[in-house]
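Descriptive analysis of the structure
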Amino acid sequence: MFYSETGAWCPGLEVRPSDRRKWLKVFEACDEDKKGYLSREDFKVAVVMLFGYKPTKIEADSVMTSVKPNTSGIYLEDFINLMQKKKAVQLHHNEIRQIFTAFDMQYRGFLTLEDFRKAFRQVAPKLPERIVLEAFRPNIEGSYFETMEHSTKTRREMGSRPGLRWTCQL
């Protein structure tokens, strides 16, 4: 998704001139017919060029209906705003991944409850144990972590101990 369901946005993140120039070049390259907007397919190509992945049909539909629903496509300023939000989400996602990786000392791709406790002892030593356990609970909507106690493969790998695999739902 391009931004969270709550519309959360990183305050103070301005469009850098270099980003704006890059997004403008991509917009112009994808608007081959010089019609002044990007069609659904043009938009998909632009996202591939900028972020290295092809948006799903659902993502493309969501974007197309979110920007002036009764227009032919995405105009430049709307495209710039979308790319600004996408970049902010990507930066947030990368920051969370780096934090998780710092506490995944064995490079397993998940944290056990003990790993989680150690991490919290380092960053918030006065935080009550109850809060740490609540943060570790399985399947909290919007959580950055996903417990894996229901995964057969994980139970074999971890000897039936529950753990956390890093996921980010943005």
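Just so you know, these numbers come straight off a predicted model, no measurement behind them. (Residues numbered from 1 in each chain as written. Predicted model: local features only at pLDDT ≥ 70, side-chain atom pairs only at ≥ 80, totals over all residues. Heavy atoms only, no water.)

Description of the overall build of the protein chain
When its secondary structure is counted, the protein chain shows 7 helices and 5 strands. Reading the helices (α) and strands (β) of the protein chain from amino to carboxyl end gives α-β-α-α-β-α-β-α-α-β-α-β. Taken over 170 residues, the protein chain has a buried fraction of 34%. Considering only contacts in the protein chain between residues 6 or more positions apart, those separated by 24 or more positions represent 55%. For the protein chain, the exposed surface amounts to about 10,900 Å²; the carbon and sulfur share of it is 54%. (Helix = DSSP H or I, 4+ residues; strand = E, 2+ residues; numbered from the N terminus. Buried < 20%, exposed > 50% of the residue type's maximum accessible area, 1.4 Å probe, protein only. Contact = heavy atoms within 4.5 Å. Areas by Shrake-Rupley, 256 points an atom, 1.4 Å probe, with all protein chains shown as cover.)

Section: the nonpolar core
Core analysis: the largest hydrophobic core is formed by 18 residues, its most contacted members being L38, F43, L50, I74, F79, L82 and M83. Setting aside its immediate chain neighbours within four residues, L38 contacts F27, C30, D31, F43, A46, M64, G73, I74 and F79. With 7 residues, the next largest nonpolar core counts F100, F103, F116 and A119 among its residues. (Core = buried A, V, L, I, M, F, W, Y, C linked by side-chain atoms within 4.5 Å.)

Quick notes on the UniProt feature "domain: EF-hand" (unreviewed entry) in the protein chain
Mapped onto the present numbering, the UniProt feature "domain: EF-hand" (unreviewed entry) falls on residues 18-53 and 91-126. The distance separating the terminal C-alpha atoms of residues 18-53 is 21 Å; by composition the span is 69% helix and 6% strand. Segment residues 91-126 splits into 67% helix and 8% strand. End C-alpha atoms: 29 Å apart. (UniProt positions renumbered as here; feature names shortened; annotations may be inferred.)

A look at the environment of V26
Inspection of the secondary structure puts V26 in helix α1 (residues 17-30). Beyond its immediate sequence surroundings of up to four residues, V26 is in contact with A46, M49, L50 and F79.

A closer look at helix α3 (residues 57-66)
The α-helix winds at 3.6 residues per turn, so residues separated by three or four positions along the chain end up facing the same way. Of the positions making up α3, those classed as buried are E59, A60, V63 and M64. Buried residues of α3, seen end-on, are gathered within an arc of 130° and therefore sit on one face of the element. The exposed set on the far side of α3, more than 90 degrees from its buried face, consists of K57, I58 and T65. Each element contacted by the buried residues of α3 is listed here: β1 (37-38), α2 (40-51), β2 (74-75) and α4 (76-103). Once α3 ends, the next one or two residues include K68, with phi positive near 40°. (Arc of directions from axis to C-beta.)

Some thoughts on the packing of α1 against α2
Across the interface, α1 lies against α2 with an axial gap of 9 Å and an inter-helix angle of 140°. With respect to each other, α1 and α2 are oriented oblique. The handedness of the crossing between α1 and α2 is right-handed. Residues K22, W23, V26, A29 and C30 of α1 lie in contact with α2, whose contacting residues are D42, V45, A46, M49 and L50. Classifying every residue of the contact of α1 with α2 by side-chain character gives 8 nonpolar, no polar and 2 charged. (Axes fitted to C-alpha atoms, helices over the stretch in contact; angles between N-to-C directions. Parallel < 35°, antiparallel > 145°, perpendicular 65-115°, else oblique. Left-handed = near helix turned anticlockwise from the far one by under 90°. Nonpolar A, V, L, I, M, F, W, Y, C, P; charged D, E, K, R; others polar.)

With respect to the pattern of salt bridges
Counted according to the given criterion, the structure contains 12 salt bridges. Residues K35 and D31 are paired through a salt bridge, measuring 3.3 Å at the closest nitrogen-oxygen approach. Given a relative accessible area of 4%, D31 falls into the buried group. Between R117 and E114 there is a salt bridge, with the nearest N and O atoms lying 3.9 Å from each other. Of the two residues, R117 and E114 are both situated in helix α5 (residues 113-123); the distance of 3 residues between them amounts to about one turn of the helix. Using a relative accessible area of 35% as the deciding quantity, one classes E114 as partly exposed. One network of salt bridges, in which partners are shared, links E114, R117, R121 and E129. (Salt bridge = Lys/Arg side-chain N within 4 Å of Asp/Glu carboxyl O.)

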